[in-house]
Structure formats: C-alpha cells, structure tokens
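# Coordinate inspection notes
Listed below are the residues making up each chain.
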Amino acid sequence: MFRFEHVYQGVLQDINFSMEKQDKVILFGPSGAGKSTLLFLLNRLNDSEQGDIYFNGKPIEEHSITDLRKQVGLVLQAPNLFPGTVLDNIKYGPSLFGEWEEHKGKELLDYVQLPSDYLDRDVDQLSGGEKQRVSLARTLANSPEVLLLDEPTSALDYRTAEEIEEVLECLMEEHKLTMLMVTHNLSQARRLGNRGLFISDGQILEDGKMPQMLDQPKTEELAKFLEQ
Ligand SMILES: Nc1ncnc2c1ncn2[C@@H]1O[C@H](COP(=O)(O)OP(=O)(O)OP(=O)(O)O)[C@@H](O)[C@H]1O
Ligand SMILES: [Mg+2]
C-alpha cells in the first residue's frame, strides 16, 4: 500500500519501509526523532527532498492531492474542529465533493460511539474526548483506506484515552483500515499495533512485530529507550 525507498526530508535520513493493507503500524521513538515529519509524508503535508514514496504502486506525487487526502485521513493530538455544530464539522469534507447524505450523520456518530442527538451540538460544548471522537468521525466521513494518527490520545485523561482506543480498535476491525499511529504510550502500542517502527534521530532503527519488538529489542538504542 505504501512503500518508502531511500527517503530524506528534514531530520529524516534514508527511510525505507513498506506498509501492507490492514497493517497496524506503531511509529515510536524519542521526541524530535521525526515521527510527525514521517507521518505527514503519507498525505503530502510534507514532501520528500530525496527518494521515492509509492502509494498503491504509483509514485505518491502522481496521485491528486485531494484524492490522496480522502484516502489517507489524518487525526492529530488536539482535535482541530472549526466553530459550529458537530454536523457542520462532519459533513464538511463530503459536501465539498457533493457526496454528503443526511443518513451518514447518525452512522458516523455510531462509529465513534456518540449518540445521534450530538449532531446538533455546538463543538465548543463538548469534552476533550468527545471532540476527539468528532475529529475521528470527520476523518471517517471521507471513507479513508488509511488512518494516520499523531498521538490521538495523548491530550486526554487515562480513562478517556482508553475509550478512544476502544473506538479505534472497533473501527480498524469493521472497516478493514490500514493504520499508522504515533504514540508515546507503549501499552497502547501493544494493544493496537501489529507492527512497530522505532525511529531515533531521523532513522528507523528497528522494524518489527508488535508487541514482540518491545519484549526483545534487537538494538541497544531501543533497549535503552524502553528502560526510560
Ligand atoms: N517545519 C519544520 N521546519 C524545520 N524543522 C522542523 C519542522 N518541523 C519539525 N522540525 C524539526 O524536525 C525534527 C523532528 O520533528 P518532528 O515533529 O517530526 O518530531 P517528533 O518525533 O514528532 O517529536 P514529538 O514526539 O515531540 O512530537 C525536530 O528537530 C523539529 O524541530
Ligand atoms: Mg510529533
């Protein structure tokens, strides 16, 4: 689905990896390692300076950016909703393409486990966890194949983070999505991932199975990182 060949961008150096359909990849490593920089290459919020990135067999820059961003959805740490109601936010993307249908509102809220009467609520009145659910629903409204998640639960309290995690788990299963998630929470990485990429100083130092790579690190760097 995605293939990186000798990719350089900013701090990132010689990034090589592939992601198959329905992979659940956890990207983790120290702060400043280049996790967000790498994640943003997959929907062209960043473009590589050198090397090649393929999406579904075709160079990423040969896909139209609009199509690419519909297929590759992004959810950030802080929910970036715009002022208005929940419905305003989730219908925005599909409406741009004339693809909004009224029945989708309830369906999308179902996916993220919010009651349908939330559609008319003002987003300012929602809790942090509810906002993150709406952010997810808004991304799902475009029916993406791939979900990019940049620390989607790190701004939430423990209990709320667990709830969002459960929502994510169900979504991956039901919609057969492919995921690349950045997280600092290693127990979350264990629960949600089937593969891991450990990145440090802009380089992928380990590419392995999750959770095995956390139990048997191959490099000294990962072993040290796990001790902290
Ligand atoms: N737009 C930019 N211009 C210049 N340097 C940048 C830019 N964005 C990030 N950087 C630098 O690139 C490096 C990697 O940043 P990045 O945000 O990818 O790290 P990260 O692994 O996501 O860290 P964190 O865990 O803190 O989110 C950092 O040194 C950062 O200062
Ligand atoms: Mg980051």
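Note that the structure is predicted; figures quoted are calculated from it, not measured.

This brings us to a negative patch on the surface. On the surface, a cluster of negative charge is contributed by Glu166, Glu169, Glu173 and Glu174. One can find glutamate 174 in helix α6 (residues 158-175).

Moving on, we get to the sheet that holds strand β2 (residues 12-19). Where strands meet in a sheet, backbone hydrogen bonds hold them as pairs that are either parallel or antiparallel. Strand order in this open sheet of 4 strands is β2-β1-β4-β5, and the pairing throughout is antiparallel. Only two strands of the sheet have a single neighbouring strand rather than two, namely β2 and β5 (58-59). As defined by bridge partners, strand β4 (residues 50-55) adjoins β5 across 2 bridges and the pair is classed as antiparallel. Following the sheet pairing, phenylalanine 55 is matched in β5 by lysine 58.

Looking now at the nonpolar core. Among the nonpolar cores identified, the biggest contains 41 residues, and Phe28, Ile90, Leu109, Val112, Leu136 and Leu168 are the most heavily contacted of them. For valine 112, the residues in contact, after removing those within four places along its chain, are Arg133, Leu136, Ala137, Leu140 and Val167.

Moving on, we come to the site of ligand 1. Taken together, Val11, Pro30, Ser31, Gly32, Ala33, Gly34, Lys35, Ser36, Thr37, Glu151 and His184 make up the full set of residues near ligand 1. Serine 36 has a polar side-chain atom sitting 2.9 Å from an oxygen atom of ligand 1. Between ligand 1 and threonine 37, the relevant distance is 2.5 Å, taken from an oxygen atom to a side-chain nitrogen or oxygen of the residue. Taken by itself ligand 1 offers 640 Å² of open surface, and the protein chains cover 45% of this. Among the residues forming the shell around ligand 1, the class breakdown is 3 nonpolar, 6 polar and 2 charged.

With that settled, consider the packing of helix α3 (residues 86-96) against helix α5 (residues 128-140). Contact geometry of α3 with α5 gives a least axis separation of 7 Å together with a crossing angle of 30°. The angle between α3 and α5 falls in the class roughly parallel. In the crossing of α3 with α5, the sense of the turn from one axis to the other is right-handed. Residue-level contacts link Val86, Asn89 and Ile90 of α3 to Val134, Ala137 and Arg138 of α5. For the contact of α3 with α5, the per-class residue count stands at 4 nonpolar, 1 polar and 1 charged.

Residues Lys104, Gly105, Leu108 and Leu109 constitute the buried set of helix α4 (residues 104-111). Down the axis of α4, the sector holding all buried residues measures 130°, keeping them to one side. Two residues or fewer past α4, glutamine 113 is found with a positive phi of approximately 60°.

For the rest of this paragraph, the subject is the UniProt feature "domain: ABC transporter" (unreviewed entry) in the chain. UniProt records the feature "domain: ABC transporter" (unreviewed entry) for residues 2-226 in the present numbering. Helix makes up 36% of residues 2-226 and strand 25%, and the two end C-alpha atoms of the span are 28 Å apart.

Attention shifts here to the sheet that holds strand β3 (residues 24-28). Taken together, the 6 strands give an open sheet; going across it, the order is β6-β7-β8-β3-β9-β10, and neighbouring strands pair in mixed fashion. The open sheet has two edge strands with one neighbour each: β6 (72-75) and β10 (203-209). Neighbouring strand axes in the sheet, compared pairwise and without regard to direction, differ in orientation by 15° on average. In terms of strand pairing, β6 meets strand β7 (residues 146-150) through 4 bridges, oriented parallel. The residue of β7 that forms the bridge with leucine 74 is leucine 148. Packed onto the sheet, α5 meets β6 and β7 and runs at close to 170° relative to β6.

Cut-offs used in this document
Residue indices follow the written sequence of each chain, beginning from 1 at its first position. Here every chain gets a letter starting at A, and every ligand a number starting at 1, in the order they are written. Local features are withheld for residues below a pLDDT of 70 in this predicted model, meaning they are given only at 70 or higher, and side-chain atom pairs are given and counted only at 80 or more; totals for whole chains, interfaces and linings count all residues. Side-chain measures here rest on the full set of heavy atoms in the structure, leaving out hydrogens and waters. Patches draw on residues past 30% relative accessible area with no salt bridge. Two like charges within 9 Å are joined, as are two nonpolar side chains (Val, Leu, Ile, Met, Phe, Trp, Tyr) within 5 Å. What sets the accessible areas is the Shrake-Rupley method with a 1.4 Å probe; for residues, cover comes only from the shown protein chains. Between Lys or Arg on one side and Asp or Glu on the other, a salt bridge is scored when a side-chain nitrogen of the former is within 4 Å of a carboxyl oxygen of the latter. By the counting rule applied here, Lys and Arg register as positive and Asp and Glu as negative, while His and the ends of each chain are not counted. All charge positions are set by atom: Lys at NZ, Arg at CZ, Asp at CG, Glu at CD. Only DSSP runs of H or I reaching four residues or more are called helices, and only runs of E reaching two or more are called strands; each is numbered from the N terminus. Criterion used throughout: strands pair if DSSP finds at least two bridges between them. What we call a nonpolar core is a set of buried Ala, Val, Leu, Ile, Met, Phe, Trp, Tyr and Cys residues that are connected through their side-chain atoms within 4.5 Å. Relative accessibility thresholds used throughout: buried, under 20% of the residue-type maximum; exposed, over 50%; partly exposed, between the two (1.4 Å probe, protein chains only). Residues count as neighbours in contact if any of their non-hydrogen atoms are within 4.5 Å of one another. Near is defined per residue: the residue qualifies when any heavy atom it owns lies within 4 Å of the molecule or strand. Polar contacts, as counted here, are pairs of nitrogen or oxygen atoms within 3.5 Å of one another; within protein the pair requires one atom able to donate a hydrogen and one able to accept it, and residues that are adjacent in sequence qualify only if both atoms are side-chain atoms. All amino acids are sorted into three groups, where Ala, Val, Leu, Ile, Met, Phe, Trp, Tyr, Cys and Pro are nonpolar, Asp, Glu, Lys and Arg are charged, and the leftover types, Gly among them, are polar. Geometry is summarised by axes, namely lines fitted to C-alpha atoms with helices restricted to the contacting stretch, and by angles between N-to-C directions that run from 0 to 180 degrees. Small angles under 35 degrees read as roughly parallel and large ones over 145 as roughly antiparallel, with 65 to 115 read as roughly perpendicular and the rest as oblique. Crossing handedness is read from the near helix: turned anticlockwise from the far helix by less than a right angle, it gives a left-handed crossing, and turned clockwise, a right-handed one. Taken from the helix axis, the directions to the C-beta atoms give the arc we talk about. UniProt positions are given in the numbering used here, feature names are shortened, and annotations may be inferred rather than shown by experiment.

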